[in-house]
Structure formats: structure tokens, C-alpha cells
Amino acid sequence: MSDWTDKLPDAARDWLDGRRLDEVECIVADLSGIARGKAMPASKFARQTHFYLPNSIFMQTITGDWAEAADAEFTEPDMVCVPDWSTATAAPWTADFTLQVIHDIVDQKGEPVAVSPRNVLKRVVSLYNAEGWEPVVAPEMEFFLVARNIDPNQPVEPPMGRSGRRAAARQAYSMSAVDEYGPVIDDIYDFAEAMGFEIDGILQEGGAGQIELNLNHGDPVRLADEIFYFKRMIREAALRHDCFATFMAKPIQDEPGSAMHIHHSVMDQKTGRNIFSNEDGTETEAFQHFIAGMQNHLADVIAILAPYVNSYRRYVRDFAAPINLEWGRDNRTTGLRVPVSGPEARRLENRLAGMDVNPYLAIAASLACGYLGLKQQKNPRAEFKGDAYASAEDIPNNLADALWNLEQADAMQDILGRDFCRVYIAVKALENKAFLQVISPWEREHLLMNV
């Protein structure tokens with residue numbers, strides 16, 4: 001093997017030990033979080049330092065259309081993709097021996113491409129670092145295992161379990177419910193080990209075939225990379241066992257949706273202390289400012305935390321997802337929750353994001369809200385005590401309104417990058433327009449002969 005393999009993380013080198021590497025997948029995440037890039041023989045990868053992709057990959061909608069988002073004449077100039085060796089990991093589900101490597105994206109002058117989701121997150125983290133802060137996140141991933149569905153006109157159904165019965169709903173934390181699709185879980189663990197990823201825990205959620213997978217807290221960019229990898233890996237594990245894994249926010253009618261809750265804390269770079277806690281263990285003013293930033297600015301980024309028309313089907317009163325930006329201690333009805341913890345682990349959980357998000361963008365948007373709070377030093381509304389579902393909704397309930405909020409949010413656009421926001425809004429507006437052309441079965445059933 002050539003010298004470039006010396007740059008690989010230990011887990012990737014261990015996986016390759018005694019094996020002949022066949023292929024390398026050079027990948028980036030587009031606006032939807034889909035892996036784009038090129039696969040090439042390992043021998044060719046060893047001979048080059050970078051490759052090119054057109055900037056149009058960031059203007060493509062989930063349906064395959066292209067938004068008119070170029071800031072000049074549309075010529076599809078090439079971007080330069082440079083490997084980030086720290087992200088190299090196995091693709092253990094492939095027939096041959098394959099590595100995946102996430103690439104950084106710069107323009108032909110070597111400047112970071114502002115529209116790249118990974119660069120957006122790095123931009124936000126750098127703002128924290130400039131203040132002497134180190135943001136820390138811990139994401140929770142919820143998803144459904146579902147029966148194979150190759151006809152979009154048919155409803156999604158839970159998968160068949162080992163017992164020969166379909167997965168049951170309302171069995172949160174049930175070990176026997178998880179055992180029903182144990183072979184898929186086993187493959188997820190095996191794949192994660194080969195990839196060098198540590199899973200903090202897997203549990204049964206409230207939906208039929210719904211699973212929650214938790215990751216350890218850490219660096220925002222590294223954890224976004226892991227979620228990006230995990231989504232693909234989980235889909236591959238499910239396919240091995242004749243079912244699909246879906247990260248749709250609301251795939252099954254009358255079942256709860258899938259969230260990506262994000263826990264946040266912030267460390268002082270000099271002392272390593274959590275800035276949310278005083279030395280005596282009490283809460284700091286900074287913690288209250290962070291909460292206020294979330295309350296004051298999350299409505300501006302709901303279009304990023306709920307990026308599709310389906311995403312808004314999660315936000316249903318009394319149905320496991322928040323409907324407002326109230327905050328409370330150990331209160332799962334609020335959009336912002338302060339979990340039980342010791343002072344060193346004091347954190348705020350953002351419960352708004354769906355699992356259909358691009359992980360780079362969702363974490364970036366959430367951190368951006370907290371950053372604005374720390375800078376503006378405002379106080380949040382009073383802690384909400386009781387059932388927050390009984391209070392008013394204060395988040396957009398559709399994609400069009402959410403995009404309007406982002407378009408008007410000058411302070412947020414300055415943090416995330418105006419070029420990124422312009423392209424994101426154009427892409428999502430085109431997706432929303434495409435959806436409005438679709439006539440649903442509900443409309444045909446209830447309106448065709450009755451109105």
C-alpha cells in the first residue's frame with residue numbers, strides 16, 4: 001500500500017490489516033444530506049490529491065430538479081474536493097473491500113465553498129472558537145424499520161418480526177420489541193465496530209418498528225460526520241434483512257414521528273469547564289442566555305430543522321413532538337428541555353429537529369441560535385411547568401412559512417452565510433412548489449364527489 005494509508009484513523013487501518021483495498025468512495029453531503037461523489041479504484045485514489053465536482057450538486061432538489069440559485073450566469077464551475085483523512089472509514093456492507101472518505105470542498109482559489117453543509121457547520125463552530133468556547137453536542141437518532149415498500153401509492157407498514165408478527169406500536173423501551181428485529185440491530189453494531197464508531201445505546205421507541213440510537217457527546221463536526229455515515233449504514237443493514245430503514249420525519253400515519261434531538265453544552269477552551277455551570281454547581285447566566293437564544297431564534301431556522309413538507313406532520317399536539325419553544329427542566333412536553341444531570345454535564349436539549357435533517361445543517365442551525373443568545377445576553381421566558389401542549393404554538397406549521405422566516409432573519413443569515421441561505425431557500429421553495437402539484441388520496445376521497 002502507498003504512504004497515504006499512514007494518514008488513516010486506527011479503525012480504518014485495523015479493518016484493512018491483511019486485506020487488499022479495492023475501492024475508495026470520495027463523498028460529500030449535499031443539502032439533503034445525500035452522499036454525492038465518486039468511487040474509484042484504490043490505486044487511482046493513491047495517485048491523486050483531490051478531485052472535482054460541479055457546484056450544481058448543492059442546487060439539486062430531493063426530486064432531482066435544479067433550483068435557479070446561481071449568483072451569476074449558470075456555468076456549473078468545478079469545486080475542488082480534498083480528502084479529510086480523519087473521516088476515512090470502512091464500508092463493511094460492500095462485496096469488496098471499500099473505504100469511504102469525506103472530502104472538504106473549496107473553490108479553485110482554495111476558499112471554503114459557503115454552500116457546503118459541512119463548511120456551514122465549521123463556520124458556526126469557528127465563531128464559538130473565536131470567543132474561546134468549544135461547543136459540544138450529543139445527538140439522538142430515531143428511525144423506523146419498515147416493510148419493503150416499492151409502490152409510493154401504498155401506505156408504509158411496520159416490518160415483520162422474527163415471531164412472524166408485525167412490529168407493535170406503543171412498546172417504548174421494550175426489550176422484546178427490539179428482539180423482534182435483532183438481526184438488523186446485530187448488523188448495525190457489527191458495522192459500527194468495523195467503522196470505528198461507538199454507539200451509546202439502542203432502544204425501542206414508541207412507534208411500531210421505531211428505534212432510537214444514541215451517540216456519545218463530542219465535537220459537532222465529527223458527530224455530524226458520524227450521523228451522515230450512520231444513516232447510510234443503517235439503510236444497508238436493513239436491506240440485508242428484507243426491510244427498509246427510513247429517516248422520514250413521519251413515515252406512518254397515526255404513529256409518532258422520528259426526531260433528532262440535539263443536546264448542547266459549551267466548554268471554556270482555557271479551563272475545560274462547562275460554561276453553563278458555576279464552580280459551586282449552580283447555573284450560570286450564560287446558560288440562561290443560551291436558552292434565550294434558542295427561544296428567540298429557533299423559529300428562524302425551522303426550515304432547516306424541518307426541511308420537507310412531511311417534516312411538519314411531526315408537530316402534532318400531544319403526539320411526542322414539541323409544538324412551541326417553551327423550556328423546562330426534565331419536561332418532555334417542551335421544545336427545549338434541561339435534562340437531569342450533574343453540573344459538569346449541564347446541557348440543553350433541542351427537541352425540534354426531525355431525523356430527516358441534514359445533520360451538518362441541523363447542528364449548525366441549532367448552535368447558531370445558542371451563539372446568538374450568548375452574544376445578545378438576553379434572558380429567556382420563565383421556565384414552563386406543566387404540560388406545554390396546553391400552551392400556544394409558536395413555530396411555523398408548514399415549509400412555506402418556515403422559509404419566509406429564514407428569509408427575513410438577518411442575524412441568522414449572517415451566521416450561517418448569506419450565500420448558503422440564498423441557495424437553501426431557493427432549493428426548498430422549488431421542492432415545496434413540486435409538492436403542491438401533487439393531488440393526495442385524501443383529496444380524491446373526500447373532495448372528488450363531495451364539493
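Definitions and limits used
Residues numbered from 1 in each chain as written. Predicted model: local features only at pLDDT ≥ 70, side-chain atom pairs only at ≥ 80, totals over all residues. Heavy atoms only, no water. Helix = DSSP H or I, 4+ residues; strand = E, 2+ residues; numbered from the N terminus. Rg over C-alpha atoms; globule rule 2.2 N^0.38 Å. Buried < 20%, exposed > 50% of the residue type's maximum accessible area, 1.4 Å probe, protein only. Contact = heavy atoms within 4.5 Å. Areas by Shrake-Rupley, 256 points an atom, 1.4 Å probe, with all protein chains shown as cover. Lys, Arg positive; Asp, Glu negative; His and termini not counted. Charge placed at Lys NZ, Arg CZ, Asp CG, Glu CD. Core = buried A, V, L, I, M, F, W, Y, C linked by side-chain atoms within 4.5 Å. Expected span 1.5 Å × (residues − 1). Polar contact = N/O pair within 3.5 Å; in protein donor to acceptor, adjacent residues only side chain to side chain. 1 Å grid on protein atoms, 1.4 Å probe; cavity = no way out; pocket = protein on both sides within 12 Å on 5 of 7 lines; lining within 4 Å. Points joined across faces, edges and corners; volume = space filled by probe spheres on them. Phe/Tyr/Trp six-rings, centres within 6.5 Å; stacked < 30°, edge-to-face > 60°. Arc of directions from axis to C-beta. Salt bridge = Lys/Arg side-chain N within 4 Å of Asp/Glu carboxyl O. Nonpolar A, V, L, I, M, F, W, Y, C, P; charged D, E, K, R; others polar. Pairing = 2+ DSSP bridges.

**Re the overall build of the protein chain**
1) Next: For the protein chain, the helix and strand inventory stands at 13 helices and 14 strands.
2) Next: The C-alpha atoms of the protein chain give a radius of gyration of 22 Å, which matches the 22 Å a tight globule of 451 residues would have.
3) Next: Here the C-alpha coordinates of the protein chain stretch approximately 60 × 60 × 50 Å along the principal axes.
4) Next: Put simply, the protein chain has 451 residues, and 56% of those count as buried.
5) Next: For the protein chain, long-range pairs separated by at least 24 residues make up 72% of all intrachain contacts whose partners lie at least 6 apart in sequence.
6) Next: Within the structure as shown, the protein chain displays about 20,400 Å² of accessible surface, and the carbon and sulfur contribution to it stands at 49%.
7) Next: Here the protein chain contributes 43 positive and 67 negative side-chain charges, whose respective centroids are spaced 1 Å apart.

**Here we look at the nonpolar core**
1) Next: Ranked by internal contacts, the top residues of the largest apolar core, which has 131 residues, are I188, L213, F230, I234 and L416.
2) Next: Ranked by the residues each element gives to this core, the list is headed by helix α9 (residues 359–376), at twelve residues.
3) Next: Setting aside residues no more than four positions away along its own chain, L416 makes contact with V120, R123, V124, V301, I304, A364, A365, A368 and C421.

**Here's the deal with α9**
1) Next: Look at α9: 26 Å from first C-alpha to last across 18 residues, which is about the 26 Å you get at 1.5 Å a residue.
2) Next: With 16 of 18 residues buried, α9 lies mostly within the body of the structure.
3) Next: Two to three positions downstream of the cap, the backbone nitrogen of Y360 sits 2.9 Å from a side-chain oxygen, assigning the N-cap of α9 to N358.
4) Next: Looking one or two residues beyond α9, the residue adopting positive phi is Q377, at roughly 55°.

**Some words on the layout of surface pockets**
1) Next: Each pocket or cavity is described by its volume, and for the largest pocket that value is around 2,200 Å³.
2) Next: What lines the largest pocket is a set of 49 residues, and nearest its centre among them are M248, K250, P251, N310 and R313.
3) Next: Of all the secondary-structure elements, those providing two or more residues to the lining of the largest pocket are β7 (133–147), α6 (220–239), β10 (243–246), α12 (418–436) and α13 (441–447).

**Here we look at the packing of aromatic side chains**
1) Next: All chains considered together, the criterion is met by 17 aromatic pairs.
2) Next: Taking the centre distance of 6.1 Å and the plane angle of 65° together, the rings of Y128 and W133 count as edge-to-face.
3) Next: Pairing F420 with Y424 gives two aromatic rings, centres 5.5 Å apart and planes at 40°, and the pair type is tilted. Residue F420 and its partner Y424 are located together in helix α12, separated by four residues, close to a single helical turn.
4) Next: Connected via pairs of aromatic rings, a cluster forms that spans F197, F228, Y229, F230 and Y360.

**A short note on helix α10 (residues 399–408)**
1) Next: Burial in α10 covers these residues: L399, A402, L403, N405 and L406. Buried residues in α10, looked at end-on, bunch into an arc of 155°, giving them a common side.
2) Next: Check the buried side of α10 and you find it contacts α8 (302–305), α11 (410–416) and α12.
3) Next: Regarding α10, its N-cap is N398, as a side-chain oxygen of that residue lies 3.2 Å from the backbone nitrogen of A400 further along.

**What to know about the pattern of salt bridges**
Two side chains of opposite charge can pair, provided their charged atoms sit close to one another.
1) Next: What the rule picks out here adds up to 26 salt bridges.
2) Next: Here E283 and R329 are joined by a salt bridge, their closest N and O atoms 2.8 Å apart. Here E283 is found in the loop between β11 (262–268) and α7 (285–297), whereas its partner R329 is found in strand β12 (residues 327–329), with 46 residues between them in sequence.
3) Next: With relative accessibility at 25%, the residue E283 sits in the partly exposed group.

**Overview of the side chain of Q60**
1) Next: Along the chain, Q60 falls in the loop between β3 (51–54) and β4 (78–83).
2) Next: Owing to a relative accessible area of 15%, Q60 belongs among the buried residues under this scheme.
3) Next: Setting aside residues up to four positions removed in sequence, Q60 forms contacts with R36, D65, W66 and V427.

**Side note on empty space enclosed by the protein**
1) Next: Under the criterion given, the structure shown has three cavities of 30 Å³ or more.
2) Next: Approximately 60 Å³ is the volume found for the largest cavity.
3) Next: Lining the largest cavity, in full, are V28, A29, I102, H103, D104, I105, S116, P117, R118, N119, F228 and Y360.
4) Next: Breaking the lining of the largest cavity down by element, the ones donating at least two residues are β1 (23–29), β6 (98–106) and α3 (117–130).
5) Next: Counting residues per element, the lining of the largest cavity draws most heavily on β6, which supplies four residues.
6) Next: Here the lining of the largest cavity is composed, by residue class, of seven nonpolar, three polar and two charged.

**Topic: the pairing of β6**
1) Next: The buried count for β6 comes to nine of nine residues, which makes it a mostly enclosed element.
2) Next: Of the two faces of β6, both are covered, the one formed by T98, Q100, I102, D104 and V106 as well as the one formed by L99, V101, H103 and I105.
3) Next: Both β1 and β6 contribute to a ladder of five bridges, which runs parallel. When the bridges of β6 are listed, I27 appears paired with I102.
4) Next: Direction of pairing for β4 relative to β6: antiparallel, over a ladder of four bridges. Note on β6: the bridge partner recorded for C81 is I105.
5) Next: Summarising the sheet, strand β5 (residues 89–90) and β6 pair through two bridges and their orientation is antiparallel. Within the sheet, the bridge partner assigned to A90 lies in β6 and is L99.

**Section: the side chain of D356**
1) Next: Relative to the assigned elements, D356 resides in the loop between β14 (348–350) and α9.
2) Next: Despite its burial, D356 pairs with no opposite charge; the closest candidate is R314, at 6.4 Å N-O.
3) Next: Dropping the residues within four chain positions of it, D356 is found in contact with K231, F247, M248, A249, L305, P307, Y308 and S311.

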